[in-house]
Amino acid sequence: MHSTASCCRYQFGSALQLFTVFLLICLWNNNHNKLCEARPQTVEHEKITVDKKCGYESCPKTKPNMLNVHLVPHTHDDVGWLKTVDQYYYGSQTLIQKAGVQYILDSVVQELLKDSEKRFIYVESAFFFKWWREQTPELQEQVKMLVNEGRLEFIGGAWSMNDEATAHYQSIVDQFTWGLRRLNDTFGECARPRVGWQIDPFGHSREMASMFAQMGFDGLFFGRLDYQDKMERLTTKSAEMIWRASANLDEPAHLFTGALYNQYQPPPGFCFDILCADEPIIDAKHSPDNNVNRRVDEFIAISRNMSKGYRTNNILVTMGEDFHYQNAISWYKNLDKLIKYTNARQENGSNVNLLYSTPSCYLKSLHDAGITWPTKDDDFFPYASDPHAYWTGYFTSRPTLKRYERVGNHFLQVCKQLTAMAPKIAGQFEPHLSFLREAMGVMQHHDAVTGTEKQAVAADYARRLEVAIRACATNTKEILNQLTIDTSRNTPERELGKRERRWATGPKKEYLFKFETCTLLNISSCAVPEQADKFTLTLYNPLAQTVTDYVRVPVPNVNYIVKDFDDVTIETQFLPVPAPVQDLNFRKSSATYELVFTATELPALGYKSYYITKTNGNNMKPVPDPPNQSSFTSIGNEFIRLNFDTNGFLVTVTSDGMTRIVNQEFVYYEAATGNNREFRNRSSGAYIFRPARDQVRSIALQPKLKIYRGDLVEEVHQSFNEWVSQVVRVYRQQRHAEFEWLVGPIPVDDGKGKEIVSRFNSDISNADIFYTDSNGREMIKRKRDHRDTWKLKLLEHTAGNYYPITTKIALEDDTARMAILTDRAQGGSSMGAGSLELMIHRRLLHDDAFGVNEALNETAYGEGLVARGTHYLIVGSSKKNQSPTTQAIERFTQLQKLLPAWSLFSNAENISYEDWRGNFTNIYTGVGMELPANIHLMSYEPWHENEILVRFEHILEKDEDPDYSQAVQFNVKNILTNQNIVDMRETTLSANAWLGDNQRMQFVPDGPEVAYNSYGVYERSLDQQLLLRADRPLAAAKFHNEVERDKREEEELLQMTTNRLKFNIYEAEELNRERAEKLRKVKVPIRRLHDENMKNDDDRFLIELSPMEMRTYILTIEKEN
Ligand SMILES: [Zn+2]
């Protein structure tokens, strides 16, 4: 994987040596280190084969000449959906849903203990550890035994089964790291999941697969893919494949992936849960109800039919559903009988063999089959479950919850870093931090950040996050106070003299700053600056680079002065809080202005404080430009200039020496409504985006404008109508423009749901091609009305062209490029030449019948929900000869917008400027040398005792910039100088296994000579049931006889192209395969950031990152006494 040998691998020749070193590390850590007990080690691995039998070694034997049917008992436990997390766990609110997770684990464990043949898999660590904590030590021992024998197997293992469209990679990695750590700490190697299990998320991202591979997973199984794609794959036996999940990383990002046949449900008629109505197996010899023969016949037929879609003589049959196994005996008793009577037929020549199994045992059988597999290079978005149900609405649903989740991630990183840097550790730090980690883990769930939960559950998620942020804020407050009063420490960076770390020189003061977070800054409201005449603002920069940013502080007047720690008065500018924000009826704030100043050179991984005083002076209030009806208006700086026409719309953007047409407008789609009884009567809802027609409606023809100018920022305040307004701004030194939109309450008194879109139209000739990010990392190439691996037939032109935008959407031609960055996940597309659009808000009056049973009609304070957010527009040259390229600027901006400086306010009425300046440390950095702009210190957090977890990532792709796409080599000891690092070992991405010990199963791709034909099935064998069952509540839906033309179209749509001639005529245009192949050939040079003379040139601490690489390490720290 890496050209630099990992620090831990290269020096050990044999397992014996490794064992010795391992022992030494343990002894040296006082045998107190959880790491040594629980971390997977090569040696421990070998020991397991003697003492324990779990994982692949515990797999049941299959029969070589038979169809092996792997029955996988499982439960799908949503970490909140129709009920809250706790309601699901305890089983309350049974009238909403009969589901109690505690009973599932209670019941399953008892059944597993009775019979060593039985298997069960468990996925959601959030629920498991809630249960685990409540068990007696005796039962815990028994559960450990079940885990060690592979009878209870953890798969997935993250805190929740995260969504893949709207979740950001940083949060995904965090929630896997946390769930897997808890499993590792509790059970050790036998609880290490080897298989990803994303059975319910609504489409699958390529980055998720890449991360699974980098976390050491051997394979991934999932349930939902486009119904056309699914039929095609089952017909051509390509539902199991090698996903080449990164265009930059190659083999370390390859992941064996399988699409499940029944999503995750049991085959029709074989649901044996107490929640189901299917017939049990009745085997009393003389019972008139005896059904053994018939049921076995049915099951054999189902199995044979299913196996036609797959390549080996193994199939995986999911035996479970949402919250099944509350009374496990009902499932297991019938499965026992099904196995017994079906296998008894083998004596009479049947070749069907049923066995209790797990997804990893199934994967092992596929691996052992020794055959080759097809490959895939793009992703599984968007997901459609029928011709009218494109699951593209949830990309935007609940826009404010989606933003709050991103704020949660921002603060989690701040809290982790400060906790890791705390001079004095307090007992409550760790539980507070874990509380926020867990709240964020829950937020990633596929019914949380997606916005597809009931309203009451959404409120519970927001409440949980709020409480957790407050808990972690007590850490940051205490640690910042420790750092500000610290006057004595002798630190390596002082010796190095590299970076400023200005210690207070005066006597140590007993003063506690409040370091308060203002949660309402998004509506320009904050108590401290509104009330206090003197206050301090501390800006904590979570990036490992020095940054300069613009700060906005809501204030009631315009007479404030800002001073830094060095008695320098900072230049300020005042801007009015936009009228539509001031008019929000729920906004209780006296702030009518925003104080803007430039926070220059915020230290990397550190803070800088400012002292702000209200004066008696009469400063000039900001006045808008006089109305100008006759000519263009423009705002901007030397990098970017935006021009507005006399109607008030943006018309052109000048940047990189060229002027391009770029206009921006707000439009909306009217939501389709219907009774959901037939596919064509589908309503737009929380999951589904379905406009009544493809044409959009405009919101205003002539927005009202107010233009404010000053030395720091120029702003255009646009007011479109009573419920849509926007501030467009360009700061002095920035290369992007901000579009801060305010939308809501969306009117629905006309009885129509509305989906609001911000659209940017340009004259860039993108030839139907655009790019969307995958969870915030690599870009995926899209083409309108196209999918890479099958011939798409679309009845929903708009919804079927929507993709998840976690952070960025872009398009370009030979000369110019336009990109929009988002501050939260949104749906987006390019619906016309040169055009990009993002759906920012939606308010609907009907449910889409996928189970929520509520319309997505969010209200707050008695009105429709108001949402505020920002798009960052970057326009520039598409050429890549000069650094920084437009793409590099996009990457840097993306990171700075994800993790800007966090503002902490303290009332300073009892402390004078001189006192503050003389006695407190008001500037601090946690690094000795900052990282280059293309490297992100992605994780920096306390781990086990005397350990810190760090993760570095390269944020550019191979072809994005001539300089910044270079690989980078640096010495960690030169960066993290305020930690006394004595050892560093690399782990997998999820930090639950040493990288050197991580052996992944290898799968072999089809050679060029293996045409799909060799596996093709040339009859129309697929049961239409498959499509009709594609989702839960619509099981009974039928295609309607629509008007003749439509009917033909739909029938054609359902017909699979199974004729080989037909298939060969269609030559797939695999845009992403092409791109990956191009990138594979790119060789990147290395930039070295260390030199031979530097004192920390110990190469044990050297690391190298090539484009898009993420590397994770556990640092061992020696604390000073
Ligand atoms: Zn689910």
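Note that the structure is a prediction, hence the values are computed from the model and not measured.

So, how was this worked out
Residues numbered from 1 in each chain as written. Predicted model: local features only at pLDDT ≥ 70, side-chain atom pairs only at ≥ 80, totals over all residues. Heavy atoms only, no water. Donors = N, O, S within 2.8 Å, 3.2 Å for Na, K, Ca; no water. Tetrahedral: all angles 85-135°; square planar, octahedral: opposite > 155°, others 65-115°. Pairing = 2+ DSSP bridges. Helix = DSSP H or I, 4+ residues; strand = E, 2+ residues; numbered from the N terminus. Axes fitted to C-alpha atoms, helices over the stretch in contact; angles between N-to-C directions. Salt bridge = Lys/Arg side-chain N within 4 Å of Asp/Glu carboxyl O. Buried < 20%, exposed > 50% of the residue type's maximum accessible area, 1.4 Å probe, protein only. pLDDT = per-residue confidence, 0-100. Contact = heavy atoms within 4.5 Å. Parallel < 35°, antiparallel > 145°, perpendicular 65-115°, else oblique. Left-handed = near helix turned anticlockwise from the far one by under 90°. Nonpolar A, V, L, I, M, F, W, Y, C, P; charged D, E, K, R; others polar. Disulfide = S-S within 2.5 Å. Lys, Arg positive; Asp, Glu negative; His and termini not counted. Polar contact = N/O pair within 3.5 Å; in protein donor to acceptor, adjacent residues only side chain to side chain. Phe/Tyr/Trp six-rings, centres within 6.5 Å; stacked < 30°, edge-to-face > 60°. Lys NZ or Arg CZ within 6 Å of the ring centre and 35° of its normal. Core = buried A, V, L, I, M, F, W, Y, C linked by side-chain atoms within 4.5 Å. Expected span 1.5 Å × (residues − 1).

## Remarks on the coordination of the zinc ion
Next, step 1: Taken together, the protein ligands of the zinc ion are His76 (NE2), Asp78 (OD), Asp200 (OD) and His446 (NE2), with distances of 2.0 to 2.1 Å.
Next, step 2: For the zinc ion, the four donor atoms in the first shell make angles of 91 to 163 degrees at the metal, a pattern classed as irregular.

## What to know about the sheet that holds strand 44 (residues 947–954)
Next, step 1: In spatial order, the strands read 43-44-50-46; together these four strands make up an open sheet with antiparallel pairing. Here the strands that pair on one side only, and so sit at the sheet edges, are strand 43 (935–942) and strand 46 (981–987). Direction aside, the axes of adjacent strands within the sheet are offset by 25 degrees on average.
Next, step 2: As paired elements, strand 44 and strand 50 (residues 1110–1117) share seven bridges and run antiparallel to each other. The residue bridging Phe952 from the neighbouring strand is Arg1111, located in strand 50.

## Remarks on the pattern of salt bridges
Next, step 1: Within the structure shown, the criterion is met by 73 salt bridges.
Next, step 2: In this structure, Arg464 and Asp86 form a salt bridge, with 3.1 Å as the shortest nitrogen-oxygen distance. With a gap of 378 residues between them, Arg464 in helix 16 (residues 455–485) and Asp86 in helix 4 (residues 85–90) connect regions that are remote in the sequence.
Next, step 3: The class of Asp86 is partly exposed, set by a relative accessible area of 31%.
Next, step 4: The closest approach of N and O atoms between Glu957 and Arg1075, which form a salt bridge, is 3.0 Å. Residue Glu957 is found in the loop between strand 44 and strand 45 (967–971), and its partner Arg1075 is found in helix 26 (residues 1071–1080); the two are separated by 118 residues along the sequence.
Next, step 5: Looking at Glu957, the relative accessible area reads 0%, which means it is buried.

## Some points on the confidence of the model for the protein
Next, step 1: Per-residue confidence for the protein averages 89 on the pLDDT scale, and 87% of its residues sit at or above 70.
Next, step 2: This stretch, residues 1–50, has a pLDDT under 50; its non-local contacts, to residues over four places away or in other chains, come to 87 contacts.
Next, step 3: Note on residues 489–503: pLDDT under 50 across the span, and 37 contacts to partners over four residues away in sequence or across chains.

## Description of the pairing of strand 35 (residues 816–822)
Next, step 1: Counting buried positions along strand 35 yields seven of seven residues, so the element is predominantly enclosed.
Next, step 2: Residues Ala816, Met818, Ile820 and Thr822 of strand 35 are buried on one face, and the alternating residues Arg817, Ala819 and Leu821, pointing to the opposite face, are buried as well.
Next, step 3: Sheet topology note: the strand 34 (residues 808–812)/strand 35 ladder contains five bridges and is antiparallel. From the neighbouring strand, Leu811 faces strand 35, where its bridge partner is Met818.

## A look at the packing of helix 8 (residues 169–187) against helix 15 (residues 429–443)
Next, step 1: Contact pair helix 8 / helix 15: the axes reach a minimum separation of 9 Å and the direction vectors enclose 120 degrees. If you check the angle between helix 8 and helix 15, you find them oblique. The two elements helix 8 and helix 15 meet at a crossing, and its hand is left-handed. For the pair helix 8 and helix 15, contact is made by Ser171, Gln175, Trp178 and Arg182 and by Glu430, Ser434, Arg437, Glu438, Met440 and Gly441, respectively.
Next, step 2: Broken down by class, the residue content of the contact of helix 8 with helix 15 amounts to two nonpolar, four polar and four charged.

## A word on the state of the cysteines
Next, step 1: Overall, the coordinates contain five disulfides when judged by the stated rule.
Next, step 2: Disulfide partner of Cys271: Cys276, at an S-S distance of 1.9 Å.
Next, step 3: Disulfide pairing is shown between Cys518 and Cys526; the S-S distance is 1.8 Å. Disulfide Cys518-Cys526: the torsion about the S-S bond is 50 degrees, which places it as right-handed.

## Some thoughts on the side chain of Glu1104
Next, step 1: Structurally, Glu1104 can be placed in strand 49 (residues 1102–1105).
Next, step 2: It is Arg1088 that comes nearest to the buried, bridge-free Glu1104 among opposite-charge side chains, at 5.3 Å.
Next, step 3: Among the polar contacts listed, one links the side chain of Glu1104 to the side chain of Gln969, at a separation of 3.4 Å.

## Some points on the packing of aromatic side chains
Next, step 1: Tallied over the full model, the rule gives 57 aromatic pairs.
Next, step 2: The interplanar angle of 65 degrees and the centroid separation of 5.6 Å between the aromatic rings of Tyr325 and Tyr332 together place this pair among those described as edge-to-face.
Next, step 3: Joined through ring pairs, the aromatic side chains of Phe120, Phe270, Phe272, Phe299, Tyr325, Trp331, Tyr332 and Tyr356 make up one cluster.
Next, step 4: Its end group placed over the ring of Phe380, Lys376 keeps NZ or CZ at 4.0 Å from the ring centre.

## Here's the deal with the side chain of Gln734
Next, step 1: When you line up the elements, Gln734 lands in the loop between strand 28 (724–731) and strand 29 (737–743).
Next, step 2: The contact partners of Gln734, leaving out residues within four places of it in the chain, are Asp549, Tyr550, Asn637, Phe639, Ile640 and Lys897.

## Notes on the sheet that holds strand 1 (residues 67–73)
Next, step 1: One open sheet accounts for three strands, arranged 8-1-9; its pairing is parallel. Since the sheet does not close on itself, it has two edges, and those belong to strand 8 (314–319) and strand 9 (352–356), each with one partner. Between one strand axis and the next, the sheet turns by 25 degrees as a mean value, whatever way the strands run.
Next, step 2: Strand direction decides the pairing type here: strand 1 and strand 9, joined by five bridges, are parallel. Within strand 9, the position partnered with Leu71 by the bridge is Tyr356.
Next, step 3: Set on the sheet, helix 11 (residues 292–307) makes contact with strand 1, strand 8 and strand 9; between it and strand 8 the angle comes to about 120 degrees.
Next, step 4: Across the sheet, helix 12 (residues 328–344) is in contact with strand 1, strand 8 and strand 9; its angle to strand 9 comes to roughly 150 degrees.

## A few points about the packing of helix 6 (residues 125–132) against helix 8
Next, step 1: As a packed pair, helix 6 and helix 8 sit with axes 10 Å apart at the nearest point and diverge in direction by 35 degrees. As helix 6 packs across helix 8, the resulting crossing turns out to be left-handed. Taken together, the residues of helix 8 that come into contact with helix 6 (itself represented by Ser125, Phe128, Phe129 and Trp132) are Gly179, Arg182, Leu183, Thr186 and Phe187.
Next, step 2: Across the contact of helix 6 with helix 8, the residue classes tally to five nonpolar, three polar and one charged.

## Things to note about the nonpolar core
Next, step 1: Leu642, Phe952, Phe970 and Leu976 are the most contacted members of the largest nonpolar core, which has 222 residues in total.
Next, step 2: Per-element accounting of this core gives the leading share, eleven residues, to helix 16.
Next, step 3: Excluding anything up to four places from it in sequence, Leu976 contacts Leu605, Gly926, Val927, Leu937, Tyr940, Val950, Ile981 and Leu1115.

## What to know about helix 8
Along an α-helix, residues three or four positions apart point the same way, because every turn accommodates 3.6 residues.
Next, step 1: Here helix 8 is 19 residues long and its end C-alpha atoms lie 27 Å apart, about the 27 Å a rise of 1.5 Å per residue gives.
Next, step 2: The buried count for helix 8 comes to 17 of 19 residues, which makes it a mostly enclosed element.
Next, step 3: Directly after helix 8, the chain includes Gly188, whose backbone phi takes a positive value near 80 degrees.

## Some words on the environment of Leu821
Next, step 1: Position of Leu821 relative to the elements: it lies in strand 35.
Next, step 2: Between the C-alpha atom of Leu821 and that of Lys808, which follows or precedes it by 13 residues, the distance is 4.4 Å.
Next, step 3: Residues in contact with Leu821, not counting those within four places in the same chain, are Thr807, Lys808, Thr870, His871, Tyr872, Ile874, Glu890, Thr893 and Gln894.

## Considerations on the environment of His324
Next, step 1: When you line up the elements, His324 lands in the loop between strand 8 and helix 12.
Next, step 2: In the structure, His324 is positioned 51 residues away from Asp273 in sequence and 6.2 Å away in space, judged by C-alpha atoms.
Next, step 3: Ignoring any residue separated from it by four or fewer positions in sequence, one finds His324 in contact with His74, Thr75, Ile104, Cys271, Asp273, Leu275, Cys276 and Trp331.
Next, step 4: Among the polar contacts listed, one links the side chain of His324 to the side chain of Trp331, at a separation of 3.3 Å.

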